[in-house]
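A structural walkthrough
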Amino acid sequence: TDRQTDRQTDRQTDRQTDKIRLGDIFDIRPTKSYNLTNHKLFSKNGEIPVVTNTSFNNGVGGYSKLEPTEKGNMITYSDTTTDSGMFYQPNDYIGYSHIQGFYPKDQKVYSKNELLYFLTCFRVTARGRFDYGTKFNRTNAKKLTIELPVKNEEIDTDFMKRFISVVEKLVIKDVVLWVDKKIEASKKVIK
């Protein structure tokens, strides 16, 4: 392929991986925005999320009554902050100044779990590399290489989906166990 790759095999799992540039998989560009003042954009009774330059709340800085400018099921990040402003957007939303979107090349449609896998790799690769002095702009983001599972010379999206599904199940199990322990502790205190 024409991708810049560095194939290797994980000796523990016999899983092949490639180091693939993000810019070879995604077109990274600014999201559409209304270019309105916050007073006109945000609404107390709004239902459409506005993805802003925050590192909290999945990047949502508030809500609007305006129509979404972007479709959900997308990775976004702020190019004005550190690497902590990267998120998966499940729902249609309104973009904000300096929010970059990951638009799959070749009109490929990725599932939520595939995008969560990409996002995790993106976060791990970008961690600690950018700050207010070294901007996390889209040119730099496109050059980042992430390690992805491959099968038959293609990205192994089936593995990616299964992996994220297993992680979600483990997290749910841990939460249930934690809640059960809290309930038992509360019962002991009440007795």
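Residues numbered from 1 in each chain as written. Predicted model: local features only at pLDDT ≥ 70, side-chain atom pairs only at ≥ 80, totals over all residues. Heavy atoms only, no water.

**Considerations on the overall build of the chain**
In terms of helices and strands, the chain carries five helices and 10 strands. For the chain, with 191 residues in total, the buried portion stands at 37%. A separation threshold of at least 6 residues defines the contact pool for the chain, and within that pool the share at least 24 residues apart is 66%. For the chain, the exposed surface amounts to about 12000 Å²; the carbon and sulfur share of it is 50%. (Helix = DSSP H or I, 4+ residues; strand = E, 2+ residues; numbered from the N terminus. Buried < 20%, exposed > 50% of the residue type's maximum accessible area, 1.4 Å probe, protein only. Contact = heavy atoms within 4.5 Å. Areas by Shrake-Rupley, 256 points an atom, 1.4 Å probe, with all protein chains shown as cover.)

**So, the confidence of the model for the chain**
Here the chain shows a mean pLDDT of 84. Residues at 70 or above account for 88%. Here residues 1-5 scores under 50 on pLDDT; set against residues more than four positions off or in separate chains, the count is 14 contacts. (pLDDT = per-residue confidence, 0-100.)

**Describing the sheet that holds strand β6 (residues 74-78)**
The strand order β3-β8-β6-β7 describes an open sheet built from four strands, whose pairing is antiparallel. Since the sheet does not close on itself, it has two edges, and those belong to β3 (26-30) and β7 (86-89), each with one partner. The mean inter-strand angle of the sheet, taken between neighbouring strand axes irrespective of direction, is 30°. As paired strands, β6 and strand β8 (residues 99-104) are joined by three bridges and run antiparallel to one another. Looking at the pairing, Ser-78 lines up with Ile-99 of β8. Of the strands in this sheet, β3, β6, β7 and β8 are in contact with helix α3 (residues 112-126), which crosses β7 at around 175°. (Pairing = 2+ DSSP bridges. Axes fitted to C-alpha atoms, helices over the stretch in contact; angles between N-to-C directions.)

**Let's talk about the pattern of salt bridges**
Per the stated rule, a full pass over the model turns up four salt bridges. Linking Asp-24 and Arg-21 is a salt bridge whose minimum nitrogen-to-oxygen distance equals 2.8 Å. Here Arg-29 ties to Asp-27 by a salt bridge, and the two come within 2.7 Å at their closest N and O atoms. We classify Arg-29 as partly exposed; its relative accessible area is 35%. Taking the relative accessible area as the measure of exposure, Asp-27 reaches 28% and is therefore partly exposed. (Salt bridge = Lys/Arg side-chain N within 4 Å of Asp/Glu carboxyl O.)

**Focus: the nonpolar core**
One finds Phe-26, Phe-118, Phe-122, Phe-136 and Leu-148 to be the most contacted residues of the largest nonpolar core, which totals 29 residues. At the level of secondary structure, the elements contributing two or more residues to this core comprise α1 (22-25), β3, β6, β7, α3, β9 (145-151) and α5 (157-190). Apart from the residues within four sequence positions on either side, Phe-122 is in contact with Leu-22, Tyr-77, Met-86, Phe-102, Phe-136, Ala-141, Leu-144 and Ile-146. Of all hydrophobic cores here, the second largest spans five residues; its members include Met-74, Tyr-93, Ile-99 and Tyr-103. (Core = buried A, V, L, I, M, F, W, Y, C linked by side-chain atoms within 4.5 Å.)

**Considerations on a nonpolar patch on the surface**
A cluster of nonpolar residues, Val-175, Trp-178, Val-179 and Ile-183, forms a patch on the protein surface that exposes about 370 Å² of accessible area. Looking at where Ile-183 falls in the secondary structure, it is placed in helix α5. Using a relative accessible area of 41% as the deciding quantity, one classes Ile-183 as partly exposed. (Patch = residues over 30% accessible without salt bridge, like charges linked within 9 Å, V, L, I, M, F, W, Y side chains within 5 Å.)

**Topic: the pairing of β7**
Along a regular strand, successive side chains alternate from one face of the sheet to the other. The alternating pattern of β7 places Met-86 and Tyr-88 on one face and Phe-87 and Gln-89 on the opposite face, and all of these are buried. Here β6 runs beside β7; their pairing, made up of four bridges, is antiparallel. Paired with Met-74 across the strands is Gln-89, a residue of β7.

**Focus on the pairing of β8**
With five of six residues buried, β8 is to be regarded as a mostly interior element. When β3 meets β8, the two strands line up antiparallel, connected through five bridges. Among the inter-strand pairings, Asp-27 is bridged to a residue of β8, identified as Tyr-103.

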